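# Commentary on secondary and tertiary structure
As a plain string of letters, each chain reads:
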Amino acid sequence: MSIKLNALFSDSYVDVSQYRDQHFKGNRYEQEKLLKQANTLYVGNLSFYTTEEQVYELFSKSGDVKRIIIGLDKVKKTACGFCFVEYYTRTDAENAMRFVNGTRLDDRIIRTDWDAGFKEGRQYGRGKSGGQVRDEYRQDYDPARGGYGKDSIGWQVIGIVAFKGNF
Amino acid sequence: MSRRRHSDGDDGGQSHKRRRTSEPVEIEDRLESLICRVGEKSTSSLESNLEGLAGVLEADLPNYKNKILRILCAVARLLPEKLTVYTTLVGLLNARNYNFGGEFVEAMIRQLKETLKANLYTEALYLVRFLCDLVNCHVIAAPSMVAMFENFVSVTQEEDVPQVRSDWFVYAVLSSLPWVGKELDEKKDVEMDRLLNQIDGYLKRRLKTHVPMLQVWTAEKPHPQEEYLDCLYAQIQKLKKDRWQERHILRPYIAFDSVLCEALQHNLPPFTPPAHMPDCQYPMPRVIFRMFDYTDAPEGPVMPGSHSVERFVIEDNLHNIIKSHWKERKSCAAQLLSYPGKNKIPLNYHIVEVSPLLLHTKEFYQLENRNLVHFHSSVFCQVIFGELFQLPCPPHIDVMYTTLLIELCKLQPGSLPQVLAQATEMMYVRLDTMNTICIDRLLNWFSHHLSNFQFRWSWDDWVDCLALDADKPKPKFVKEVLEKCMRLSYHQRIVDIVPPTFSGLIPADPIFFYKYQDEANSALPGYAVAIAVGNAIKNRASNEEILTVLKDVPNPNQEDDDDEGEGFNPLKIEVFLQTLLHLAAKSFSHSFSALAKFHEILKALTDCDEGKLHILRVVYEVWKNHPQMVSVLVDKLIRTQIVDCAAVANWLFSPSMAHEFTRFYVWEILHSTIRKMNKHVQKIQKELEEAKDKLERQQHKKQKDSGDEEDMEKNSEDEDGQLEEQIERLQEKVESAQSEQKNLFLVIFQRFIMMLTEHLVRCETGSVDFSTPWYKNCIERLQQIFLMHHVTIQQYMGTLENLLFTAELDHHILAVYQQFCALQL
């Protein structure tokens, strides 16, 4: 009765991703250990207008939520499109990875990932302009995330010059 | 791949080297992988894959026999949807190696005994079925299988055992017959007839008290909600009438008949069902969920009814696929869609259940392969919703089903969304007779589903609900759905998505009601203090300072010259809490911070039961338009021990909340409260167990190390003493927690009984029909308490029966209790 046929019953939605927090205080091994035990999830691709209440409602579907920390623009101190969701148990967090990750909130496909645990300061975006890094250089227009990326104009200009140069 | 290892080293020295240094573990993993993956999509035929694998395994038997035995036993237990693939494999192995066949059968019997002892009844079922199919593969002799069945059925003659015990053994026999009925009937028809007669007799005298509690719909039409054993038996009877011709199961062993019938068979050793023990937990009975009608299509496809055995086999396999793959929604959806695999359903016998709403549409007749497509969509809906609505609880977490259906919609965009819409429509039409618990799950699913599809829905189709009273199921359902949708979005969004005619059902704007809002309220008692407290908080006054400010609040409960001191002062609570929550109304986080910061004050103000009740009332008063906020605040108040669980129960059942009694959020709060209580007890029990284990280990270690220096012994004695003290403390804690838990259930049940009795008496004296929508809701909510927390409640049955559910009770209320008892009888 001891065989569990691990080959067959994978649980890949719960696997730790490739992302590692560059600001983590500790080595890779420690970070991975925390990720594998974590009850906290990072949630990304939120609309800037998504509220704590909405996140609560959605993530409560996989278990009782202990707390939610909305990610903020470091300068403006307004929501900048991510948050942390902490559960009381790991099981509830795993179910969120299996059944909430990749579904929609405020009409956007959101993404969840394991987080080593909230620490003061991690609620701020790390982009130059104050928001998230991904919004610094984003080229597309996303009205729910402040429109164009902060520095996309710069990239567009470079693009035009390069294009002209080809003639 | 791995076959190269077994070739005669034609690669020269290299492969010899590789073979020698190949770790046994690697080979074992490869064996596991080979066995697990046989039967999956492949460029070769299943038969040739099985033939090849049998050859590989036969060659590996000398070195890896035990591993192969264990893997095969495991797939028999864990992969029922591939049963016949593996029985064929075992058949081939047995034909090549008789001894191995015998050892496998012995291992299976051992495994069966273990699973039964471990209360793993579903897995035991798969093992029994596997053994039966081995008869078809000439591994086990038919007469010995019949003998095992006879032993199973003889359990029905046992006295003083729970009905669910004999139920399982009968189910094990009946549910294996689609696979092996034909063979057994050919070889031992007299015995089989006798067996079925015995089963028939048992089913006739068996009690069915539990059925009403497990039915999704309370009406028999249009879909009878059959008890699971009755349904299966009807299916087997029909199969017998059809001379055991079963057309759906994939039987690879037929292709190998010439090889297999040369094999020698083994006899099953006599198998005595393990005796009943008090801690045996047999599976609960079920009611079969049916949602689509059996109708004849005007042209072509034959629709077998709910009593065709193919129906049983198909649904059983689909449930097994979900059970195996629920954690991985993409694989699960893919596996469901690729069922039944290469075995195409023959066009002249369609296992299709078509929704009558679809039948006469142009779209239906234009669909390519429409029968196959609709087989998928309709049967999926039935299987998935069947699980979601299963009582007492779904087999898996609710949200899994929502996500699985979304995946299926992605993979079958041309048919599943439409069938899903029709299923929803169908369930809406029948809301009047749907169990309240299932309505809860339906509206949770529906609102979450809509939120993934921009809330697009043909609301106008439901305009009939607007003409009905607000307390009727249909308008209530729509209202609760819209409220849930709002929680996942925002108020204006809901206003935008429904037609203007639905404005009466739109949820209220979730704003805060502050009593002391403006000058207009200055006449209210406590107004001045409210302003003062507000300022104090904004100026970051200390707790002492705020308490001083609050001293000025008069106590409406006390005489002016009453010097009894600080009794319960409802006005003080109101002034402080209204003001605090008003300042913190911006978000959940703000409110939680506020509660945490002023925890001391709140605790002081609510020291008694009346205080706790009042704090809950104030929370409701200010946030009555934002039920979600009320829920999360109540949750925090319990977790920070400002109120206790019984206070919440008393508050929800109090007259001041009577007008909210049928709202969904009230029951969310109550069940969440009960769950918190249960988790609290479990947590302390776990701590106690861990402390006891630690002590045991320590003492065990001491025994082993005895003879060491005196110092060591003295230290460990101290340690022991500390641990024993800790255990004693924890023991007290557990007892106190269990007492609180029991009290909570007593309070809840008492309240239900009071409310229901009052209603029934009032109706009787007034000569009106008691069966109002309120009554249906209330009695089903009572059922829900039993069903959702049955494990915990079992512990307190004695008290419940002696104190509350006595014979004097109105029989309508008592019936609920009796049905609950019947679930484990």
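Parameters and conventions
Residues numbered from 1 in each chain as written. Chains lettered and ligands numbered in written order. Predicted model: local features only at pLDDT ≥ 70, side-chain atom pairs only at ≥ 80, totals over all residues. Heavy atoms only, no water. UniProt positions renumbered as here; feature names shortened; annotations may be inferred. Helix = DSSP H or I, 4+ residues; strand = E, 2+ residues; numbered from the N terminus. Buried < 20%, exposed > 50% of the residue type's maximum accessible area, 1.4 Å probe, protein only. Contact = heavy atoms within 4.5 Å. Areas by Shrake-Rupley, 256 points an atom, 1.4 Å probe, with all protein chains shown as cover. Axes fitted to C-alpha atoms, helices over the stretch in contact; angles between N-to-C directions. Parallel < 35°, antiparallel > 145°, perpendicular 65-115°, else oblique. Nonpolar A, V, L, I, M, F, W, Y, C, P; charged D, E, K, R; others polar. Pairing = 2+ DSSP bridges. Expected span 1.5 Å × (residues − 1). pLDDT = per-residue confidence, 0-100. Phe/Tyr/Trp six-rings, centres within 6.5 Å; stacked < 30°, edge-to-face > 60°. Lys NZ or Arg CZ within 6 Å of the ring centre and 35° of its normal. Salt bridge = Lys/Arg side-chain N within 4 Å of Asp/Glu carboxyl O. Buried area = accessible area lost by both parts, 1.4 Å probe. Polar contact = N/O pair within 3.5 Å; in protein donor to acceptor, adjacent residues only side chain to side chain. Patch = residues over 30% accessible without salt bridge, like charges linked within 9 Å, V, L, I, M, F, W, Y side chains within 5 Å. Lys, Arg positive; Asp, Glu negative; His and termini not counted. Charge placed at Lys NZ, Arg CZ, Asp CG, Glu CD. Left-handed = near helix turned anticlockwise from the far one by under 90°. Disulfide = S-S within 2.5 Å.

Under the annotation held in an unreviewed UniProt entry, chain B carries the name MIF4G domain-containing protein and is attributed to Oncorhynchus mykiss. The Sequence similarities (unreviewed entry) comment attached to chain B in UniProt states, word for word, "Belongs to the NCBP1 family."

If you look chain A up in an unreviewed UniProt entry, it shows as Nuclear cap-binding protein subunit 2 from Oncorhynchus mykiss. Taken from UniProt, the Subcellular location (unreviewed entry) comment for chain A reads in full: "Nucleus". UniProt, in its Subunit (unreviewed entry) section for chain A, records the words "Component of the nuclear cap-binding complex (CBC), a heterodimer composed of ncbp1/cbp80 and ncbp2/cbp20 that interacts with m7GpppG-capped RNA."

## Side note on the overall build of chain A
Summing up its helical and strand segments, chain A has 5 helices and 6 strands in all. Ordered by position from the N terminus, the helices and strands of chain A form the series α-β-α-β-β-α-β-β-β-α-α. Evaluated residue by residue, chain A yields a buried proportion of 50% over its 167 residues. Taking contacts inside chain A between residues at least 6 apart in sequence as the whole, the part at least 24 apart equals 61%. Roughly 8,700 Å² of accessible area belongs to chain A as shown, and the carbon and sulfur atoms make up 56% of that amount.

## Quick notes on the UniProt feature "domain: RRM" (unreviewed entry) in chain A
Following the UniProt record, the feature "domain: RRM" (unreviewed entry) maps to residues 39-117 of chain A here. Split by type, residues 39-117 of chain A is 23% helix and 39% strand. Its first and last C-alpha atoms lie 8 Å apart.

## Thoughts on the packing of helix α4 (residues 46-78) of chain B against helix α7 (residues 121-136) of chain B
Residue and element names in this part refer to chain B. It is at 7 Å that the axes of α4 and α7 come closest, and there the two elements cross at 110°. Of the possible angle classes, the one that applies to α4 and α7 is roughly perpendicular. Residues Cys73, Ala76, Arg77 and Leu78 of α4 form the contact with α7, whose participating residues are Glu123, Tyr126, Leu127 and Phe130. Of the residues that constitute the contact of α4 with α7, the class distribution is 6 nonpolar, no polar and 2 charged.

## Thoughts on the pairing of strand β3 (residues 79-87) of chain A
Residue and element names in this part refer to chain A. Among the 9 residues of β3, 8 are classified as buried, and the element is accordingly described as predominantly covered. Relative to β3, strand β1 (residues 40-44) is paired through 4 bridges, and the arrangement is antiparallel. Paired with Tyr42 across the bridge in β3 is Phe84. Sheet topology note: the strand β2 (residues 65-72)/β3 ladder contains 6 bridges and is antiparallel. Directly across from Leu72, in β3, lies its bridge partner Ala79. Count of turn residues in the β2/β3 antiparallel hairpin: 6 residues, of which Lys77 carries a positive phi of about 60°.

## Describing helix α13 (residues 309-325) of chain B
Side chains three or four residues apart in an α-helix point the same way, a direct result of the helix having 3.6 residues per turn. Compared with the 24 Å implied by 1.5 Å per residue over 17 residues, the 24 Å span of α13(B) between its first and last C-alpha is a close match. Most of α13(B) is tucked away: 15 of the 17 residues are buried.

## Here we look at the confidence of the model for chain B
Residue and element names in this part refer to chain B. Overall, the predicted model of chain B reaches an average pLDDT of 88, with 89% of residues at or above 70. At the level of individual helices and strands, chain B shows its lowest average pLDDT in helix α1 (residues 3-6), which scores 41, and its highest in helix α29 (residues 627-639), which scores 98. Residue range residues 1-19 is modelled with pLDDT below 50. Its contacts to residues more than four positions away, or to other chains, number 17 contacts. Both confidence scores are given for the complex: pTM 0.90, ipTM 0.91.

## Here we look at the environment of Ala658(B)
All names here are of chain B. Mapped onto the fold, Ala658 is located in the loop between α30 (645-653) and α31 (664-705). Assessed through its relative accessible area of 38%, Ala658 is described here as partly exposed. Distance from Ala658 to Gln699, taken between C-alpha atoms, is 57 Å for residues 41 residues apart in sequence.

## Overview of the packing of aromatic side chains
Residues and elements named next belong to chain B. Following the criterion strictly, the structure yields 48 aromatic pairs over all chains and no others. Look at Phe385 and Trp445: their rings are 5.1 Å apart centre to centre, the planes differ by 90°, and that puts the pair in the edge-to-face class. Residue Phe385 is found in helix α17 (residues 370-388), and its partner Trp445 is found in helix α20 (residues 436-451); the two are separated by 60 residues along the sequence. As far as the burial class goes, Phe385 and Trp445 line up, both buried. Measuring from ring centre to ring centre gives 5.6 Å for Phe786 and Phe805, while their planes differ by 55°; the resulting arrangement is tilted. With a gap of 19 residues between them, Phe786 in helix α33 (residues 773-788) and Phe805 in the loop between α35 (797-804) and α36 (811-822) connect regions that are remote in the sequence. Residue Phe805 is classed as buried on the basis of its relative accessible area, which comes to 3%. An aromatic cluster is present here, built from Trp217, Phe289, Phe385, Phe389, Tyr428, Trp445, Phe446, Trp457, Trp459, Trp462 and Phe477 joined pairwise through their rings. It is Lys474 that lies over the ring of Tyr428; its NZ or CZ is 5.4 Å from the centre.

## What about the UniProt feature "domain: MIF4G" (unreviewed entry) in chain B?
When the UniProt feature table is mapped to this numbering, "domain: MIF4G" (unreviewed entry) covers residues 28-240 of chain B. Its end C-alpha atoms 44 Å apart, residues 28-240 of chain B is made of 77% helix and 0% strand.

## Regarding the pattern of salt bridges
All names here are of chain B. For the structure shown, the criterion picks out 56 salt bridges over all chains. In this structure, Arg165 and Glu158 form a salt bridge, with 2.8 Å as the shortest nitrogen-oxygen distance. Owing to a relative accessible area of 32%, Glu158 belongs among the partly exposed residues under this scheme. Salt-bridge contacts for Arg639 lead to Asp635; the nearest nitrogen and oxygen are separated by 3.2 Å.

## Describing the interface of chain A and chain B
On the chain B side, the residues contacting the 36 residues of chain A number 48 residues. Across the chain A to chain B interface the summed buried area is about 3,900 Å²; carbon plus sulfur atoms make up 53%. Taken together, the connections running from chain A to chain B amount to 5 salt bridges. The salt bridge partner of Asp107(A) is Arg493(B), with a shortest N-O separation of 3.0 Å. The tally of links from chain A across to chain B stands at 17 residue pairs in polar contact (both at pLDDT 80 or more).

## A look at unusual backbone geometry
Residues and elements named next belong to chain B. In this model, Leu391 is joined to Pro392 through a cis peptide bond whose omega is 0°. Here Asp160, not a glycine, exhibits a phi torsion of approximately 60°, which is positive. Checked against the element boundaries, Asp160 lands in the loop between α8 (142-153) and α9 (163-205). Under the relative-accessibility criterion, Asp160 is labelled exposed at 80%. Despite not being glycine, Arg540 shows a phi value in the positive range, around 55°. With respect to the secondary-structure elements, Arg540 resides in the loop between α23 (527-538) and α24 (543-550).

## Here we look at a negative patch on the surface
Residues Glu724(B), Glu725(B), Glu728(B), Glu732(B) and Glu735(B) make up a contiguous surface patch of negative charge. With respect to the helices and strands, Glu732(B) occurs in helix α32 (residues 710-766).

## What about the packing of α30(B) against α31(B)?
Residues and elements named next belong to chain B. One way to put it is that α30 packs onto α31 with a least axis distance of 10 Å and a crossing angle of 160°. By the angle class used here, α30 and α31 are roughly antiparallel. Crossing of α30 over α31 shows left-handed handedness. Contact with α30, carried on its side by Cys645, Val648, Ala649, Leu652 and Phe653, involves Val666, Trp667, Ile669, Leu670, Thr673 and Met677 of α31 and no other residues of that element. For the contact of α30 with α31, a count of residues per class yields 10 nonpolar, 1 polar and no charged.

## Remarks on the state of the cysteines
Residues and elements named next belong to chain B. The final tally for this structure, using the stated rule, is 0 disulfides over all chains. Take Cys231: it sits in no disulfide, and the sulfur closest to it among the cysteines is that of Cys438, at 18 Å. Judged by its relative accessible area of 1%, Cys231 falls in the buried class. Between Cys485, a free cysteine, and Cys465, which holds the nearest cysteine sulfur, the sulfur-to-sulfur gap is 14 Å.

## Focus on helix α6 (residues 98-117) of chain B
Residues and elements named next belong to chain B. If you check α6, its first and last C-alpha atoms are 29 Å apart, about what 20 residues at 1.5 Å a residue would give, namely 28 Å. Residues of α6 that are buried: Phe100, Gly101, Gly102, Phe104, Val105, Ala107, Met108, Ile109, Gln111, Leu112, Thr115 and Leu116. Residues of α6 that are buried sit in contact with α4, α5 (83-96), α7, α8 and α9. Following α6 by one or two positions, Asn119 adopts a phi angle in the positive range, close to 60°.

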